[in-house]
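Here's the letter readout for the chains.
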Amino acid sequence: MRDVPEHPDWLWSSPEPKRSYDVVIVGGGGHGLATAYYLAKNHGITDVAVLERGWLAGGNMARNTTIIRSNYLWDESAGIYEHALKLWEGLEDDLGYPILFSQRGVLNLAHSLQDVRDSVRRVHANRLNGVDAEWLGPDEVKEICPIVNVSPDVRYPVLGATYQPRAGIAKHDYVAWGFARAAAAMGVHLIENCEVTGVEVAGGRVQAVQTTKGRIAAGTVALSAAGHSSVVAATAGVELPVQTHPLQALVSELLEPVHPTVVMSNAVHVYVSQAHKGELVMGAGIDPYNSYRQRGAFHIIEQQMSAALELFPIFARAHVLRTWAGIVDVTPDASPVVGKTPVDGLLVNCGWGTGGFKATPGVGWCYAHTIAHGEPHPLNAPFSLERFTTGALVDEHGAAAVAH
Amino acid sequence: MTSRRMTGWQGETVRFRFDGRDYEGVRGDTLASALLANGVRTVAASPALGRPRGIYAAWTEEPNALVQVAAEPMLQATTVELRDGLDAHGLSGRGRLTDETDTARYDAVHAHCDVLVVGAGPAGLAAATVAAETGARVIIADDRPIAGGSLPDTAETVGGVAGAEWAAATLDALDGRPDIRVLRRTSVFGYYDDNYLVAVERRGEHAHSRERVWRIRARRVVLATGAHERPIAFAGNDRPGVMLAGSARAYANRHGVLPGDRAVVFTTNDSAYAAARDLAAAGVEIAAIVDTRATPSRGGDGVEILTGHVVTAVGGDDGVSSVTVSPSDGGAGREIEADLLLVSGGWSPLVHLFSQSGGDLRHDDGIGSFVPASARQAVEVAGAARGVFTLAGCLEDGAAAGARAAEAAGFRVEGTFEVPRTPDEDPAAPAEHLWLVPGADYSTHFVDLQRDVTVADVMRATGAGLRSVEHVKRYTTAGTAHDQGKLSGVLTSAVVGHALGLPLGDLGTTTFRAPYVPVGFATLAGRHRGALHDPVRTTSLHEWHVAYGAPFENVGQWKRPWYYPRAGEDMETAVLRECGAVRESVGAMDASTLGKIDVQGPDAAEFLDRIYTNMMSTLKVGAIRYGVMCRPDGMVFDDGTVIRLADDRFLVTTTTGNAAAVLDWMEEWLQTEWPGLRVYCTSVTEHWATVALAGPGSRDVLAGLAPGLAVDAASFPFMTWRDTEVAGLAARVCRISFSGELAYEINVNAWDGLALWEAVMGTGVVTPYGTETMHVLRAEKGYPIVGQDTDGTVTPADLGMDWVVSKKKPDFIGKRSFARADTSRPDRKHLVGLLPADPGRLLPEGAHLVETSTLPEPPVPTLGHVTSSYRSAVLGSTFALALVSGGRDRMGEVLYVPLGGEQVPVTVTSHILYDPEGARRDG
């Protein structure tokens, strides 16, 4: 095999579920697995089951474009994403798993004067928050990523970019497997092909989950079901302000290295990196209609190619090898919900939209804290469900609506 | 004629280069067949292990023979049509992008049909012929240069003539019919919802467009996509000279090429016997047929048949030189000298498109393959694509599918399709379903040749606890290569099944995803590149702005003149001059890009009352009102003026960038929430050209141009409009101002825009100004720009515009949010003005404000940020607008802007810095 690291000899076992656990995590994606890991590691809570309806980490964890960055505008977002980035920086050692974390930097391009204002604003905000950030002119963009077309003659010229050098990519599957293996080694049960069909509530308190493998009682039920969050929560009578959309991505064939960093453009609607093996990994904007099916519409891919060639003429003769879609859960303010629900013992982690992967260790850390203490960690406290009642939104639409 | 070409094979000579050496092939060759004809066995080394690899298959399923052709990476030698001057290089699993500009053109076509037939093999041709007879509009798409599917490979006869000949004639006959479209060299690669399929047509390097995408919407689809021969995993199965039996047969029959001199055939089924027969007839010596089955179904035409045997080793470092065969149940092996090893593990229906369409697959234990089960869309599957493997069967099945499809599309089948005569076929003996030859060590039993994945790798994955084929795929990378696992995908599942002791049917396949074959980025981008990437919108005055040397600003899709530099002026000087002209005399700006939406209907006033925060129903005909619209969260979404044209008709003005979003917004509410309102919204942005005339001299200029209009302040008050003639043109003049000066907006038919502008300029007293001057002037007056001074988190109250939020209206979008705790926090960010202590210091837009004169360690709480920042002649200073926490309670406070190690002091002021009394509005 090529470009594949030495995986550990053993990953995880496949136990049958017990009748009861202290904590049941619904959703065996990156967030669910990271949460289980930190529950065991930071809080010593190991009577935990992670229930996954399909194969472990086969949802958005397997479908994202693996970009990791923390250069978010608002203090609340920067807090949790920067915490995540710091964890990423030590994660390979922590998990003892080769996750191919590559801090190759990310460029967020600006194509209009308003883009420039927004970008400069974000750079200044990042610096105040201790997040590494630079504003670069077109020539500096070209130095970091020589294949970006910075000609002033294109339809939407590159007027500059923000640059976060510590940002980068990692191999999504290995991240999930690293968390899964470490969590399983500490006694967490990872149960695949086990769909949660209902959440049982009595007297305002969560009792159990109904699954395709039977009823499983739980002291705490922690939802981490991404695009299906609102469906699962509804079975407990909890309405989440979440809309679910398909989000498509694609890869090219393997190519010799041409693209040394990560480039994102909201205005031209594309983000792209070149993965370790050599394939170009690209994503675009979400499909606009609501859907729970993991498939999108083809014209989105066509538009994405047009955008990609505007920025990277060198990609013209590359080929699309494979396209796919995840389904993303989007809240009204494009920020996540991590915390309590009106049902005692039922917690929710959802609404990460297109940005969940990069938060994986950070949200796992904070969600585990919330489960262990029954109260949110200061970093996820702003991301309460209540904010949609009080109005204390963390509106990332302006800063990151399209390309997370 | 080249050395391995069959004697007597005719063809026009084609010269090409491969890896720097010159060769000759014949017209009709693929690069692969031409290489084989020249005795080239090795195309490139494998990527990870560096093992030599040759040509394994004959069409898009090829896993090995990847080449770079000029600037195009990763093409399969088996699908590249040979042409004069072709210059190719073998690739080790990874291609190269070059800086060479792609000057080729790419197109897209929309097509609709009653029946789309995918594949022009026997089943597809029969289906298309039957469907065409009913009068249905039929499209038949086939990815090969010549028709017939497997017929040219097998050389079987149909209707007494060579199959390829029958196919060509049948397709030509279809091509001649008016409602039938034949797409050759066209790969259908995606099957989306509502029978929307996409295909790529390869038209050639010198065609009008090199490739084009077909976007096809079909009432019914017939998938006649054929089958792939299955590989078998055994030791050394990657050596050059190991080839699928059916592919070798294709090289002999289709291309007249002998891929070797002496062959061993390794099979689990009958089909390889026909391959052996054809190759023997072509001149290849068949050393032995190794059949895994105990009882062969037929004789070997004099060839030795080793039943119950398997291949256990392949000798030859650079390519097959010998084949070791052993009894299946163990026992001594025997080495047979050969330079070619033909493999057949049976045939798997090509279910990719069916699976993409949402259809379910089931495992057919009889043929050992996954086959289409229940369909989710209007689709039929015919022939080998659903496991029918005889020629006569495919013809019959295709005809039946074509009839079903046409009938389902509403056409009547009259008469019966006469299935052409085909040679009698012996009934096939049951095949054995063998995927894997047991071995002591599985390190050269290859599963995915391109990714260098072996059975040992798969077993390592299952040994690590993995149970899902998706996990094994990701762990080993099997099936992720350029061929997307066409041959390796199910083989991997089978090996996983072997390792876990599970039947293949329980494991299933990994997901089949579009595109079925790789498709070029440029192909998909089509014409939408360069200037056509996104439409450029220009106003009817654009040429004038260009002629006057204005640089342009992109605002949404629009090009807006930014400023008009005179000789020797930089931007700063030009803008200060333009500002001075408006404040002291008169200037004109092209305001045509502002969005305009005609809102009419009996409920138009009620509708606008709900959309805007302020009251619109009380507006009198002839009057104008400024309005703000919010999202349900109470945050400002857009603003602009509304003019009332009649009781039931308004003209709504939006910001330039938001025009489409506002129209979408209105339609969303009308269509989903308030379907009872009788209101019609129409975009009229481009019907009008608008010239803003601003400055104390504007009244005189207007009076001169519009002698029929009473322009005095009493006759034509602020926030009213008049229909009149300006410069002899029918015009609507609005008295509104975005600069604080006396000002008018003159609207004329877009066709008349340039005439109006030239008339205004012809007065000789009017200075043209651009968007930058407009921004400065409005900022001096404290008028916010939505999207610049707001960011979706700003309420009207935050902007100091409490007055624009109606207290009387029962409801409007956003109203409920104004009652939320967070919208009344005293520390919300307010729009304020900032004056730097140093009047020459221009603050960067986007810079933040902090409370302290020294910067503490992060995280440092920000108080807000600078939204707009300019130099001002009338203020004699730079100034800025900012959103500042509790800003209205901070008037006079000194705050600090951290800039590269420096803390720049600024004083908080009102956001209205110029003419706060509004004295200049009436001139």
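Residues numbered from 1 in each chain as written. Chains lettered and ligands numbered in written order. Predicted model: local features only at pLDDT ≥ 70, side-chain atom pairs only at ≥ 80, totals over all residues. Heavy atoms only, no water.

- For chain A, the name recorded in an unreviewed UniProt entry is Sarcosine oxidase subunit beta, with Planotetraspora silvatica as its organism.
- Looking at chain A in UniProt, the text filed under Subcellular location (unreviewed entry) is "Cytoplasm".
- Quoted verbatim from the Sequence similarities (unreviewed entry) heading of the UniProt record, the comment on chain A is "Belongs to the SoxB family." (UniProt positions renumbered as here; feature names shortened; annotations may be inferred.)

### Topic: the overall build of chain A
And step 1. Helix and strand content of chain A: 10 helices and 18 strands.
And step 2. With the C-alpha coordinates of chain A rotated into their principal frame, the extents come out at 65 × 55 × 40 Å.
And step 3. The buried share of chain A, reckoned over its 404 residues, is 68%.
And step 4. Relative to all contacts within chain A whose residues are 6 or more apart in sequence, the contacts with residues 24 or more apart total 76%.
And step 5. As displayed, chain A has an accessible area near 12300 Å², and 52% of this comes from carbon and sulfur atoms. (Helix = DSSP H or I, 4+ residues; strand = E, 2+ residues; numbered from the N terminus. Buried < 20%, exposed > 50% of the residue type's maximum accessible area, 1.4 Å probe, protein only. Contact = heavy atoms within 4.5 Å. Areas by Shrake-Rupley, 256 points an atom, 1.4 Å probe, with all protein chains shown as cover.)

### Concerning the overall build of chain B
And step 1. For chain B, the count of helices and strands is 20 helices and 50 strands.
And step 2. Relative to a compact globule of 923 residues, whose C-alpha radius of gyration would be 29 Å, chain B shows 38 Å and is clearly more extended.
And step 3. Its C-alpha atoms put chain B at 110 × 70 × 55 Å along the principal axes.
And step 4. Here chain B holds 923 residues, and 60% of them are scored as buried.
And step 5. One finds the centroid of the 86 positive side-chain charges in chain B at a distance of 3 Å from the centroid of its 115 negative side-chain charges. (Rg over C-alpha atoms; globule rule 2.2 N^0.38 Å. Lys, Arg positive; Asp, Glu negative; His and termini not counted. Charge placed at Lys NZ, Arg CZ, Asp CG, Glu CD.)

### Examining the UniProt feature "domain: Rhodanese" (unreviewed entry) in chain A
And step 1. Taken from the UniProt record, the annotation "domain: Rhodanese" (unreviewed entry) applies to residues 23-67 of chain A.
And step 2. Strand forms 20% of residues 23-67 of chain A and helix 31%; the C-alpha atoms that close the span are 30 Å apart.

### Looking at the pairing of strand β7 (residues 86-90) of chain B
Residues and elements named next belong to chain B.
And step 1. Relative to β7, strand β1 (residues 13-18) runs parallel, the two sharing 3 bridges. Residue pairing across strands places Arg 17 opposite Asp 87, the latter belonging to β7.
And step 2. Here strand β5 (residues 66-69) runs beside β7; their pairing, made up of 3 bridges, is antiparallel. Following the sheet pairing, Val 69 is matched in β7 by Ala 88. (Pairing = 2+ DSSP bridges.)

### Thoughts on the nonpolar core
And step 1. With 78 residues, the main nonpolar core has Leu 33, Trp 88, Val 175 and Phe 179 of chain A as its most contacted residues.
And step 2. Setting aside anything within four residues of it in sequence, one finds Phe 179 of chain A in contact with Leu 33, Ala 34, Tyr 37, Tyr 38, Leu 91, Leu 95, Thr 360 and Pro 361 of chain A.
And step 3. One finds Ile 301 and Phe 312 of chain A together with Phe 189 and Tyr 516 of chain B within the second-largest nonpolar core, a separate group that totals 51 residues. (Core = buried A, V, L, I, M, F, W, Y, C linked by side-chain atoms within 4.5 Å.)

### Some points on helix α16 (residues 604-611) of chain B
Residues and elements named next belong to chain B.
And step 1. Summarising burial for α16: 6 of the 8 residues are buried, a large majority.
And step 2. If you check which residues of α16 are buried, you get Ala 604, Ala 605, Phe 607, Leu 608, Asp 609 and Ile 611.
And step 3. In this structure, the buried residues of α16 make contact with β35 (595-600), β36 (624-630), β37 (636-646), β38 (649-654), α17 (659-673) and β39 (680-683).

### Details of the confidence of the model for chain B
And step 1. The predicted model of chain B averages 96 in pLDDT, with 100% of residues at 70 or higher.
And step 2. This complex was scored by the predictor with a pTM of 0.95 and an ipTM of 0.96. (pLDDT = per-residue confidence, 0-100.)

### Topic: the packing of aromatic side chains
And step 1. All chains considered together, the criterion is met by 30 aromatic pairs over all chains.
And step 2. Ring geometry for Phe 315 of chain A against Phe 521 of chain B: centres 6.1 Å apart, planes inclined by 90°, an arrangement best described as edge-to-face. Within this pair, whereas Phe 315 of chain A is found in the loop between α7 (298-311) and β16 (319-330), its partner Phe 521 of chain B is found in helix α13 (residues 521-525), the two belonging to separate chains.
And step 3. Relative to Tyr 563 of chain B, the ring of Trp 562 of chain B lies with its centre 5.7 Å away and its plane at 55°, an arrangement referred to as tilted. The same class applies to Trp 562 of chain B as to Tyr 563 of chain B, namely buried.
And step 4. Taken together through their ring pairs, the aromatic side chains of Phe 607, Phe 637, Trp 665, Trp 669 and Trp 674 of chain B make up a single cluster.
And step 5. A cation over a ring is seen here: Arg 53 of chain B above Phe 446 of chain B, with NZ or CZ 4.7 Å from the ring centre.
And step 6. Just above the ring of Trp 665 of chain B sits the side chain of Arg 631 of chain B; from NZ or CZ to the centre is 4.3 Å. (Phe/Tyr/Trp six-rings, centres within 6.5 Å; stacked < 30°, edge-to-face > 60°. Lys NZ or Arg CZ within 6 Å of the ring centre and 35° of its normal.)

### A look at empty space enclosed by the protein
And step 1. Counted according to the given criterion, the structure contains 9 cavities of 30 Å³ or more.
And step 2. One number sums up the size of the largest cavity: a volume of about 590 Å³.
And step 3. Lining the largest cavity are 36 residues; nearest its centre among them are Lys 171, His 172, Lys 277, Glu 279 and Arg 322 of chain A.
And step 4. For the lining of the largest cavity, the secondary structure elements donating two or more residues are α5 (172-185), β12 (243-254), β15 (279-286) and β16 of chain A together with α10 (469-476) of chain B.
And step 5. Residues belonging to the lining of the largest cavity are distributed by class as follows: 14 nonpolar, 10 polar and 12 charged.
And step 6. Of the pockets and cavities examined, the second largest cavity occupies roughly 450 Å³.
And step 7. Along its surface, the second largest cavity is lined by 31 residues, and His 352, Gly 485, Lys 486, Gly 489 and Phe 512 of chain B are the ones closest to its centre.
And step 8. When residues of the lining of the second largest cavity are assigned to their parent elements, the largest contribution, 4 residues, is made by helix α11 (residues 488-500) of chain B.
And step 9. Here the lining of the second largest cavity is composed, by residue class, of 13 nonpolar, 12 polar and 6 charged. (1 Å grid on protein atoms, 1.4 Å probe; cavity = no way out; pocket = protein on both sides within 12 Å on 5 of 7 lines; lining within 4 Å. Points joined across faces, edges and corners; volume = space filled by probe spheres on them. Nonpolar A, V, L, I, M, F, W, Y, C, P; charged D, E, K, R; others polar.)

### Side note on the domain arrangement of chain A
All names here are of chain A.
And step 1. According to the domain assignment, chain A contains domain 1 (14-65 + 172-242 + 332-390) and domain 2 (103-165 + 243-328).
And step 2. At the junction of the two partners, domain 1 supplies 12 residues and domain 2 supplies 17 residues.
And step 3. Where domain 1 packs against domain 2, one counts 6 residue pairs in polar contact (both at pLDDT 80 or more).
And step 4. Looking at the side of domain 1 that touches domain 2 residue by residue, the classes come out as 3 nonpolar, 8 polar and 1 charged. (Domains from an automatic or database assignment. Polar contact = N/O pair within 3.5 Å; in protein donor to acceptor, adjacent residues only side chain to side chain.)

### Describing the packing of helix α2 (residues 75-95) of chain A against helix α8 (residues 356-373) of chain A
Residue and element names in this part refer to chain A.
And step 1. Two elements in contact, α2 and α8, have axes whose closest approach is 7 Å; the angle formed by their N-to-C orientations is 100°. The orientation of α2 relative to α8 falls into the category roughly perpendicular. Between α2 and α8, the contacting residues are Ile 80, Tyr 81, His 83, Ala 84, Leu 87, Trp 88 and Leu 91 on the first element and Phe 357, Lys 358, Ala 359, Thr 360, Pro 361, Gly 362, Trp 365 and Cys 366 on the second.
And step 2. For the contact of α2 with α8, the class distribution of residues is 11 nonpolar, 3 polar and 1 charged. (Axes fitted to C-alpha atoms, helices over the stretch in contact; angles between N-to-C directions. Parallel < 35°, antiparallel > 145°, perpendicular 65-115°, else oblique.)

### Details of the interface of chain B and chain A
Accessible area lost on assembly of the parts is the figure often given for the size of an interface.
And step 1. Residue-level contacts link 105 residues of chain B with 82 residues of chain A.
And step 2. Roughly 7900 Å² is buried in total at the junction of chain B and chain A, and carbon and sulfur atoms are behind 55% of that figure.
And step 3. Considering only the surface of chain B that becomes buried against chain A, Arg 94, Leu 97 and Phe 521 of chain B emerge as the three largest contributors, covering 12% of it.
And step 4. Remark: the boundary between chain B and chain A carries 9 salt bridges.
And step 5. Linking chain B with chain A are 40 residue pairs in polar contact (both at pLDDT 80 or more), by the criterion used here.
And step 6. Per-element tally for the side of chain B that touches chain A: the top contributor is α10 of chain B, with 5 residues.
And step 7. Here the side of chain B that touches chain A is composed, by residue class, of 42 nonpolar, 34 polar and 29 charged. (Buried area = accessible area lost by both parts, 1.4 Å probe. Salt bridge = Lys/Arg side-chain N within 4 Å of Asp/Glu carboxyl O.)

### What to know about the environment of Gly 439 of chain B
Residues and elements named next belong to chain B.
And step 1. In this fold, Gly 439 is placed in the loop between α8 (391-408) and β29 (446-448).
And step 2. By relative accessible area, Gly 439 is classed as partly exposed at 31%.
And step 3. Spatially, the C-alpha atom of Gly 439 lies 9.6 Å from that of Ala 313, the residues being 126 residues apart in sequence.

### Focus: the sheet that holds strand β6 (residues 160-164) of chain A
And step 1. If you trace the 9 strands from one edge of the open sheet to the other, you get β5(A)-β6(A)-β4(A)-β13(A)-β14(A)-β15(A)-β12(A)-β16(A)-β31(B), paired in mixed fashion. What marks the edges here is a single partner per strand, and that holds for β5 (134-136) of chain A together with β31 (519-520) of chain B.
And step 2. Helix α3 (residues 113-128) of chain A contacts β4 (106-110), β5 and β6 of chain A of the sheet and is inclined by roughly 155° relative to β5 of chain A.
And step 3. Sheet strands in contact with α7 of chain A are β4, β12, β13 (262-265), β14 (270-274), β15 and β16 of chain A, and its direction is about 120° off that of β15 of chain A.

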